Amino acid sequence: MDTSSPAVSIPVSIPKKRIVFLDVLRAYAIMMMLQGHLVDTLLADQYRDETHPIFWTWNFMRGMTAAIFFFVSGAIFVFLMLRDSRPWYQNLRIQKGLKRVLLLLFLGYFLKWNLYHLFTLNFYPSMFLVDVFHIIGLAVFTVILVFIIYQNTKIPLPLMYFALALTAFLIAPIVKTADWSALPMFLQNYLTRDNGSTFILFPWIGYSLFGAVVGWHMYKRPDFYHTHWAPLLFLSIGLWIHYNVNDILLGCFHLTGIAQFKLATYNNASFWRLGHVLVVFALFIWITKIFKNIPPLIMKIGGETLVIYSVHYVVLYGTWFGIGIGSLGRQTFTPWATAFSAVAFILFFVYLIYRIEEIRYFLYHIVPHYFWLYFRFLRIKFRRFYGEQREKFVAMMAKKVR
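This report concerns the structure included in the present document.

What counts, and where the lines are drawn
Residues numbered from 1 in each chain as written. Predicted model: local features only at pLDDT ≥ 70, side-chain atom pairs only at ≥ 80, totals over all residues. Heavy atoms only, no water. Phe/Tyr/Trp six-rings, centres within 6.5 Å; stacked < 30°, edge-to-face > 60°. Helix = DSSP H or I, 4+ residues; strand = E, 2+ residues; numbered from the N terminus. Buried < 20%, exposed > 50% of the residue type's maximum accessible area, 1.4 Å probe, protein only. Lys NZ or Arg CZ within 6 Å of the ring centre and 35° of its normal. Contact = heavy atoms within 4.5 Å. Axes fitted to C-alpha atoms, helices over the stretch in contact; angles between N-to-C directions. Parallel < 35°, antiparallel > 145°, perpendicular 65-115°, else oblique. Left-handed = near helix turned anticlockwise from the far one by under 90°. Nonpolar A, V, L, I, M, F, W, Y, C, P; charged D, E, K, R; others polar. Salt bridge = Lys/Arg side-chain N within 4 Å of Asp/Glu carboxyl O.

### A look at the packing of aromatic side chains
Stage number 1. Applying the stated criterion across every chain, the model contains 31 aromatic pairs.
Stage number 2. Aromatic pair Phe21 and Phe281: ring centres 5.4 Å apart, planes at 80 degrees, arrangement edge-to-face. Residue Phe21 is located in helix α1 (residues 20–42), and its partner Phe281 is located in helix α11 (residues 269–290); the two are separated by 260 residues in the primary sequence.
Stage number 3. On the basis of relative accessible area, Phe281 is assigned to the buried category, the value being 0%.
Stage number 4. For the pair Phe162 and Phe210, a centre-to-centre distance of 5.6 Å together with 75 degrees between the ring planes defines the contact as edge-to-face. Highlighted residues: Phe162 in helix α6 (residues 157–177) and Phe210 in helix α8 (residues 201–220), separated in sequence by 48 residues.
Stage number 5. The class of Phe210 is buried, set by a relative accessible area of 8%.
Stage number 6. Three or more aromatic residues link up through ring pairs in this structure, and these residues are Phe70, Phe162, Phe169, Phe199, Trp204, Tyr207, Phe210 and Phe271.
Stage number 7. The side chain of Lys154 reaches across the aromatic face of Tyr150, ending 5.4 Å from its centre.

Below, the structure is given as structure tokens:
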């Protein structure tokens, strides 16, 4: 049996033309997510002092991570979708997007499943909670659906995205407090956090839809994002929202008479966070203008967020096998031990992405090669064994007949 590995060199990935500042922003967000989840898992309760400036700053920055992810995912998808000018049923980006929706919904659940419980058919409620992947998947589906409506009605695309995003923010307080007990549990988890879902559809899908508006503008005015006016505009809007969010909502109430604008002043966190996202968005446009030569590894990290999130979820929370970093002592670490662990955690994933092509080559080429060789070996052994046993059986029957 030939056990030599296939004589194929490791493929070198050819980077596609990407939107630099969005990839850098995603890289920043995924690193913030890694350290945020690890610190929240390990740091002891007695050190979680909201009045301490370091913990307050960490908590504030951590609160922006998910919003940035949703916003950027909407912007990138719409930008790429609009670059394909064909009708929606021929648009390759839409076809890929629909496949990505199914993948995200599947992964969102699969990452929460314990394999032992799954094989023993022991299902428990936390297996059906909603997380980041579910919201991004449904956001992409919504973006595609709105685009189809646009191509058939010619209602302005950015207007529909903006209206839906605003609606998602405004109805969030009503959805949270509504009684959804008539729905199956897995559907309730998309609308209320009462069962333990980390994220729910409203208001989080709104960030992706606001991002979709920006993605449309990036497609229509790509040169604008190479000027200093773009970051200045987003910075101004972000700071305006941050400092005047209630005045803006009350102004919209007086202008439109819609009561939800007034009610939103009592629950304005979503709008407030949107301002912060726009400020960060502006800063990263500036950063990529100042530092022209962004290291390829940072770009690669920004393009591999699906891999990073999936691996970190299993490694940190130990969902598949019941053993993870959280098993070392959940919420028992000192600040210094937690900080050291967070740095090590981030470095591990940086190295993982640095070697990702070799890992993929091993998983997609080397492992199947040796698996196939072993399968052929077993098949040959089985044929020989079967042939020998058949000959013995025929000889034994011949003796009995005589």
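### As for the environment of Leu183
Stage number 1. Tracing the chain through its elements places Leu183 in the loop between α6 and α7 (185–188).
Stage number 2. Setting aside its immediate chain neighbours within four residues, Leu183 contacts Gln188 and Leu191.

### Let's talk about the packing of helix α13 (residues 305–317) against helix α14 (residues 335–354)
Stage number 1. It is at 11 Å that the axes of α13 and α14 come closest, and there the two elements cross at 135 degrees. By the angle between their axes, α13 is oblique relative to α14. Between α13 and α14 lies a crossing of right-handed hand. Along the contact surface, α13 presents Ile308, Val311, His312, Val315 and Leu316, while α14 presents Phe345, Phe349, Leu352 and Ile353.
Stage number 2. For the contact of α13 with α14, a count of residues per class yields 8 nonpolar, 1 polar and no charged.

### Structural notes on the pattern of salt bridges
Stage number 1. Using the criterion set out here, one finds 9 salt bridges in the structure.
Stage number 2. Between Asp23 and Arg26 there is a salt bridge; the shortest N-O distance is 3.4 Å. Here the residue Asp23 and the residue Arg26 both occupy positions in helix α1, the gap between them amounting to 3 residues, near one helical turn.
Stage number 3. Classification of Asp23 by relative accessible area gives buried; the value is 2%.
Stage number 4. A relative accessible area of 15% places Arg26 in the buried class.

### Quick notes on unusual backbone geometry
Stage number 1. At the junction of Phe202 and Pro203, the peptide bond is cis and its omega measures out at 15 degrees in the coordinates.
Stage number 2. Positionally, Pro203 belongs in helix α8.
Stage number 3. For Lys154, which is not glycine, the phi torsion reads 65 degrees and is therefore positive.
Stage number 4. Mapped onto the elements, Lys154 comes out in the loop between α5 (132–153) and α6.
Stage number 5. Positive phi, normally seen in glycine, also occurs at Gln331, with a value near 55 degrees.
Stage number 6. Within the fold, Gln331 resides in the loop between α13 and α14.
Stage number 7. According to the relative accessible area criterion, Gln331 is partly exposed, its value standing at 32%.

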